[in-house]
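Here is how the chains run, residue by residue.
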Amino acid sequence: MDWGALHTILGGVNKHSTSIGKIWLTVLFIFRIMILVVAAERVWGDEQDDFVCNTLQPGCKNVCYDHFFPISHIRLWALQLIFVSTPALLVAMHVAYRRHEKKRQFRKGDQKCEYKDIEEIRKQRFHIEGSLWWTYTSSIFFRLVFEAVFMYAFYFMYDGFRMPRLMKCNAWPCPNTVDCFVSRPTEKTVFTIFMIAVSSICILLNVAELCYLLTKFFLRRSKKAANQKQHPNHENKEETKQNEMNELISDSCQNTVIGFSS
Amino acid sequence: MNWAGLYTVLSGVNRHSTSIGRIWLSVIFIFRIMVLVVAAESVWGDEKSAFTCNTQQPGCNSVCYDHFFPISHVRLWALQLILVTTPALLVAMHVAYQQHQEKKLLVLTGHADPKHMEEVKKHKMRISGSLWWTYVCSVVFRLLFEAVFMYIFYMLYPGYQMVRLVKCEAYPCPNTVDCFISRPTEKTIFTVFMLVTSSICIVLNMAELVYLVVRACARRGQHNSNPSSGKGSFYGHKLSSEYKQNEINQLLTEQDGSLKDMLRRNPVLQEKGDRCSAC
């Protein structure tokens, strides 16, 4: 179970996301997870072995390393990425639940169910409305919260995002204040700044997606209210269905797959 | 065979689980196995090479490491995760057995064509009858394994905390030597994280157990509120054939939800099924 498996799981969610959601997923996998696996892990690979303190006192190096790096950047990023990508599974579960309900209706032979074949239910893409809208919005909200929390944790633990070359340590059993040298500080600073920048881009994308969903929600509501005002007693099912189909067609034209195929 | 292989095996079980069971499986794979593979293994990677003792006595380092870490956290977690996920295979085996029985039934009723056989393989089994007992047993075993491992962890590493310094006086160390552990804070963070997810899994398993028991009681209540009409001996022979028909229907319901649908859609098949007293 590794990043590849997470990619498989989240690829399925891609189908029911908005276009901004698909861009966000692409940025997450290519600019964060892939960079982490392919580059950052190598940079931090020798972080403890090459952490050198100016002392021969056994144990001083271990203690000083532990004091300055309570949790490594790599592990923090790995946890951040896992937590940030998991809310999308709420959406996947909701979609699976809706599909299950539709299949049950189909099996009962319900007249309301307009599907000809159970395969059609499996392949159908659901519109983000109703309870699914709330689930989707909550998942974006949680993503934002997790991103912000981890960025704050980073800032709090490492006093800014810069990796210094030298750290002065006087934790026991170091005999006095010793100089300890961090390996590859500049490269680590570069990657830290890169990951922070991409994390900020992801936050912006999430905020944009949230705004987009809210705007769509209010527009739909005002359309319904306007329709009801014009035709208060007339329930034109055909027109409503046609409107929904048109919306679906225009949405699917907008939501062409960018980068990821589901 | 690695974690990916286990994932493939258990995804099949996912289909026949309750919704709580599916959430449990997601938590296991994403928050425990994935965190173990992607993060925890690299934290404990240098646990022995960076374990330093304040002595130059050869062998002291090895002996002290072995004394304080009889079994490493990552190996304990790996064992825990394997044992906790394996009871789900009981359910998989039972489902496979039931599917085998359904296929035999189809052959007996003379509809062993590939389309019906495929449908038997694809449909979702209802958790009732003997499958319910197997499912409940698997959940109980999961709970048991989780609790046992949490206890073992507590016994081996009291307080779940990783200390920076341990004092060791095992032979051949000349006297009490100070030994320093690598990355104790990071290890404590991950130990606490794995402990929390383990507790969440225990809570999910208990919730699933309660849900299954409540559902079974509710179903029983429904059965009791529709008693059979009239048990007089005057209708003796009719009742016995009705009783037989009820048994056949129950068997069909228990065995296969969609098989019943198949029979409903195909009246010829249903007739043969009704006449089949060997079902």
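These numbers come from a predicted model, not from an experiment. (Residues numbered from 1 in each chain as written. Chains lettered and ligands numbered in written order. Predicted model: local features only at pLDDT ≥ 70, side-chain atom pairs only at ≥ 80, totals over all residues. Heavy atoms only, no water.)

### What about the overall build of chain B?
In terms of regular secondary structure, chain B is built from 11 helices and 3 strands. N-terminal to C-terminal, the α/β element order of chain B is α-α-β-α-α-α-α-α-β-β-α-α-α-α. With 279 residues in all, chain B has 43% of them scored as buried. Here chain B displays about 14800 Å² of accessible surface, and carbon together with sulfur accounts for 62% of that area. (Helix = DSSP H or I, 4+ residues; strand = E, 2+ residues; numbered from the N terminus. Buried < 20%, exposed > 50% of the residue type's maximum accessible area, 1.4 Å probe, protein only. Areas by Shrake-Rupley, 256 points an atom, 1.4 Å probe, with all protein chains shown as cover.)

### Here's the deal with the interface of chain B and chain A
Often, the extent of an interface is quoted as the loss of accessible area upon association of its parts. On the chain A side, the residues contacting the 37 residues of chain B number 31 residues. With both sides pooled, the region where chain B packs onto chain A buries about 3000 Å², and carbon together with sulfur makes up 65% of that total. Across the chain B-chain A interface, the total number found is 3 salt bridges. Across the pair Glu-186 of chain B and Arg-75 of chain A runs a salt bridge, and its minimum N-O distance is 2.7 Å. At the boundary of chain B with chain A, the tally comes to 11 residue pairs in polar contact (both at pLDDT 80 or more). Elements with a minimum of two residues in the side of chain B that touches chain A: α1 (3–14), α2 (19–43), β1 (52–53), β3 (177–180), α8 (184–224) and α10 (257–265) of chain B. The leading source of residues in the side of chain B that touches chain A is α2 of chain B, at 12 residues. (Contact = heavy atoms within 4.5 Å. Buried area = accessible area lost by both parts, 1.4 Å probe. Salt bridge = Lys/Arg side-chain N within 4 Å of Asp/Glu carboxyl O. Polar contact = N/O pair within 3.5 Å; in protein donor to acceptor, adjacent residues only side chain to side chain.)

### Structural notes on the environment of Val-120 of chain B
All names here are of chain B. Looking at the secondary structure, you find Val-120 in helix α6 (residues 114–122). For Val-120 and Phe-29, which are 91 residues apart along the polypeptide, the C-alpha to C-alpha distance reads 28 Å. Not counting residues within four places of it along the chain, the set of residues in contact with Val-120 comprises Gln-99, Glu-102, Lys-103 and Leu-106.

### Topic: the UniProt feature "transmembrane region" (unreviewed entry) in chain B
Residues and elements named next belong to chain B. Per the UniProt record, the feature "transmembrane region" (unreviewed entry) sits at residues 21–40, 77–97, 131–157 and 189–214. Secondary structure across residues 21–40 divides into 100% helix and 0% strand, with the first and last C-alpha atoms of the span separated by 25 Å. Between the end C-alpha atoms of residues 189–214 there is a gap of 38 Å, over a span that is 100% helix and 0% strand. (UniProt positions renumbered as here; feature names shortened; annotations may be inferred.)

### Structural notes on the state of the cysteines
All names here are of chain A. Per the counting criterion, the structure on display carries 6 disulfides over all chains. For Cys-53, the disulfide goes to Cys-180, at an S-S distance of 2.0 Å. Judged by the sign of its S-S torsion, about 110°, the cystine formed by Cys-53 and Cys-180 is right-handed. Within this pair, whereas Cys-53 is found in strand β1 (residues 52–53), its partner Cys-180 is found in strand β3 (residues 178–181), the two being separated by 127 residues in sequence. (Disulfide = S-S within 2.5 Å.)

### Brief notes about the nonpolar core
Ranked by internal contacts, the top residues of the largest apolar core, which has 118 residues, are Trp-3, Phe-51 and Cys-64 of chain A together with Phe-51 and Cys-64 of chain B. Looking at which element gives the most residues to this core, the answer is α2 of chain B, with 16 residues. In this structure, Ile-128, Leu-132, Tyr-136 and Ile-140 of chain A belong to the second largest nonpolar core, which totals 11 residues. (Core = buried A, V, L, I, M, F, W, Y, C linked by side-chain atoms within 4.5 Å.)

### Digging into the sheet that holds β1 of chain B
All names here are of chain B. A sheet is described by the order of its strands in space; here 3 strands give the open sequence β1-β3-β2, paired in antiparallel fashion. For this open sheet the edge positions go to β1 and β2 (165–168), each flanked by a neighbour on one side alone. Note that β1 and β3 share 2 bridges and pair antiparallel. In the sheet register, Thr-52 faces β3, and the bridge partner there is Phe-180. On top of the sheet, helix α3 (residues 60–68) reaches β1, β2 and β3; it is set at about 110° to β2, its chief contact. (Pairing = 2+ DSSP bridges. Axes fitted to C-alpha atoms, helices over the stretch in contact; angles between N-to-C directions.)

### Examining a nonpolar patch on the surface
There is a patch of nonpolar side chains on the surface, built from Leu-90, Met-93, Phe-141, Phe-142, Val-145 and Val-149 of chain A together with Ile-23 of chain B and spanning about 570 Å² of accessible area. Looking at the nonpolar patch, the elements with two or more residues in it are α5 (88–108) and α7 (131–158) of chain A. Residue contributions to the nonpolar patch peak at 4 residues, all from α7 of chain A. When you line up the elements, Leu-90 of chain A lands in helix α5. (Patch = residues over 30% accessible without salt bridge, like charges linked within 9 Å, V, L, I, M, F, W, Y side chains within 5 Å.)

### Comments concerning the UniProt feature "domain: Connexin cysteine-rich" (unreviewed entry) in chain B
Look at the UniProt record and you will see "domain: Connexin cysteine-rich" (unreviewed entry) annotated at residues 145–212 of chain B. Within the segment residues 145–212 of chain B, helix and strand shares are 60% and 12% respectively, and the terminal C-alpha atoms sit 20 Å apart.

### Focus: the sheet that holds β3 of chain A
All names here are of chain A. Ordered by their spatial adjacency, 3 strands build an open sheet running β1-β3-β2, and the pairing between neighbours is antiparallel. The sheet terminates laterally at β1 and β2 (166–169), the two strands that pair on one side only. In this sheet, β3 lies alongside β2 in antiparallel orientation, the contact comprising 4 bridges. Considered in β3, the bridge of Cys-169 is made with Val-178. Where helix α3 (residues 60–68) meets the sheet, its contacts fall on β1, β2 and β3, and the angle it forms with β2 comes to roughly 110°.

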